[in-house]
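Structure at a glance
The primary structure of each chain is shown beneath.
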Amino acid sequence: MQRRIIQTIFLLLVCGHMMAQDSSLMKMMDDAVAESQKGQVVTGTFKATQIVNLPTVESPGKKSLQFMIMHRFGKLNGGAYELFGLDNASIRFALDYGITDRFSVGLGRSSVDKTFDGSLKYKLLQQKETGMPISVSLYGLITNYTQRYTDKPYLDAGYRTAYTTQVIIAKKFSSAFSFEVVPSWIHYNLTPTPEDKNDLFAVSAGGRLKFTKRMSVNAEYNYLLRNQVVSTKVYDAISGGIDIETGGHVFQLVFTNAAGMVGPYYLAKTDGSWGKGDIYFGFNITRNFNFKK
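Residues numbered from 1 in each chain as written. Predicted model: local features only at pLDDT ≥ 70, side-chain atom pairs only at ≥ 80, totals over all residues. Heavy atoms only, no water.

In this section: the overall build of the protein. Within the protein, the regular secondary structure consists of 2 helices and 12 strands. Secondary structure of the protein in N-to-C order comes out as α-β-β-β-β-β-β-β-β-β-β-β-α-β. In the protein, which comprises 293 residues, the share counted as buried stands at 38%. Summing over all exposed atoms, the protein offers an accessible surface of approximately 16300 Å²; the carbon and sulfur share of this is 64%. (Helix = DSSP H or I, 4+ residues; strand = E, 2+ residues; numbered from the N terminus. Buried < 20%, exposed > 50% of the residue type's maximum accessible area, 1.4 Å probe, protein only. Areas by Shrake-Rupley, 256 points an atom, 1.4 Å probe, with all protein chains shown as cover.)

If you want it as structure tokens, here you go:
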């Protein structure tokens, strides 16, 4: 009897020791996971490289090629004769390639003024679970329009060129909501009149709100500082739409008062007013091709 009591006590001590070790091991594993998550980069701030027209902090990963089609029909106030804008359209094609996970290059062509564009984007900062609270990307764009004007023979390539520089500051507040602020500088080599500024400044803001796993509502507002363009009436570009993620595609249905789809146009040459029905319906389609093994 005494021997059985001793054996029972011994087994209880051994089991207790093993449980304490298991508890300690589990705690060490939990601590290790928590520590690894502290430096984890936040991904998927936005699902596409544009909110509508405004670029986001996102860019193709290393050895990934992105093909984008941006399409805008005519103005809704064209009425039934113009099929509410569907009889007319402008379009932009673009290719963006990831040199590294942080640095990408792009080329594009718009039907508006037959404009070619080239771009560079660099992820300066990346939001992390703890530590870095925001993401910051630097975006540079050069545009050159090739529309022919027989009454303006002096328009050489230099006069037709404009430059746009943007600092994209974004934060993913939750899995459903992301927001960004984008200060912009635009330089035109030639302006319509001497009274118009060659250097223009704008501030934009935009965000996305997911309402299902693969769909979100997007909106952006681009504010052009006043008294910079005086020869023509321009409006702030306001755009909104719905993102639909379908595997390797992101499909965006959009509404905007800006016909142009690159910086010098939607930031400083928007001549449409939402109040007057100068609204363009359209879409963006993005497709990614991965060349990494």
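Having seen the structure, we can now continue with the description.
Below, the discussion takes up the confidence of the model for the protein. Averaged over every residue, the pLDDT of the protein is 87; the share at 70 or more is 87%. Every residue in residues 9-15 is under pLDDT 50, and counting partners more than four places away or in other chains gives 0 contacts. Considering only residues more than four positions removed or in separate chains, one finds that residues 32-36, a stretch of pLDDT under 50, has 0 contacts. (pLDDT = per-residue confidence, 0-100. Contact = heavy atoms within 4.5 Å.)

This part is about the sheet that holds strand 1 (residues 64-75). Taking strand neighbours around the barrel as the criterion, the 12 strands line up as 1-2-3-4-5-6-7-8-9-10-11-12 in a closed arrangement whose pairing is antiparallel. Each neighbouring strand pair of the sheet contributes to a mean axis angle of 20°, computed without reference to strand direction. The pairing of strand 1 with strand 12 (residues 280-290) spans 10 bridges and is classified as antiparallel. The partner of Phe-67 across the bridge, within strand 12, is Arg-287. (Pairing = 2+ DSSP bridges. Axes fitted to C-alpha atoms, helices over the stretch in contact; angles between N-to-C directions.)

Below, the discussion takes up the pattern of salt bridges. Evaluation of the coordinates by the stated rule reveals 4 salt bridges. Across the pair Lys-47 and Glu-245 runs a salt bridge, and its minimum N-O distance is 3.9 Å. Here Lys-47, found in the loop between helix 1 (2-38) and strand 1, pairs with Glu-245, found in strand 10 (residues 237-246); they are 198 residues apart in sequence, far enough to count as distant. Relative accessible area serves as the criterion here: at 37%, Lys-47 is assigned to the partly exposed category. (Salt bridge = Lys/Arg side-chain N within 4 Å of Asp/Glu carboxyl O.)

The subject of this paragraph is the pairing of strand 4 (residues 115-125). Inspection of the sheet shows strand 3 (residues 103-110) paired to strand 4 by 8 bridges, in the antiparallel sense. Considered in strand 4, the bridge of Leu-107 is made with Gly-118. With antiparallel pairing between neighbouring strands as the criterion, strand 3 and strand 4 make up a hairpin whose turn holds 4 residues, including Asp-113 at a positive phi of roughly 60°. Of the strand pairs in this sheet, strand 4 and strand 5 (residues 135-145) are connected by 10 bridges, and their pairing is antiparallel. Within the sheet, the bridge partner assigned to Tyr-122 lies in strand 5 and is Leu-138.

Along strand 9 (residues 215-224), the buried face is formed by Ser-216, Asn-218, Glu-220, Asn-222 and Leu-224; none of Met-215, Val-217, Ala-219, Tyr-221 and Tyr-223, which line the opposite face, is buried. In terms of strand pairing, strand 8 (residues 199-210) meets strand 9 through 9 bridges, oriented antiparallel. Pairing of Gly-206 across the sheet is with Glu-220, part of strand 9. In sequence, strand 8 turns back onto strand 9 through a hairpin of 4 residues. Note: strand 9 against strand 10, 8 bridges, orientation antiparallel. Opposite Asn-218, over in strand 10, you have Gly-241 as the bridge partner.

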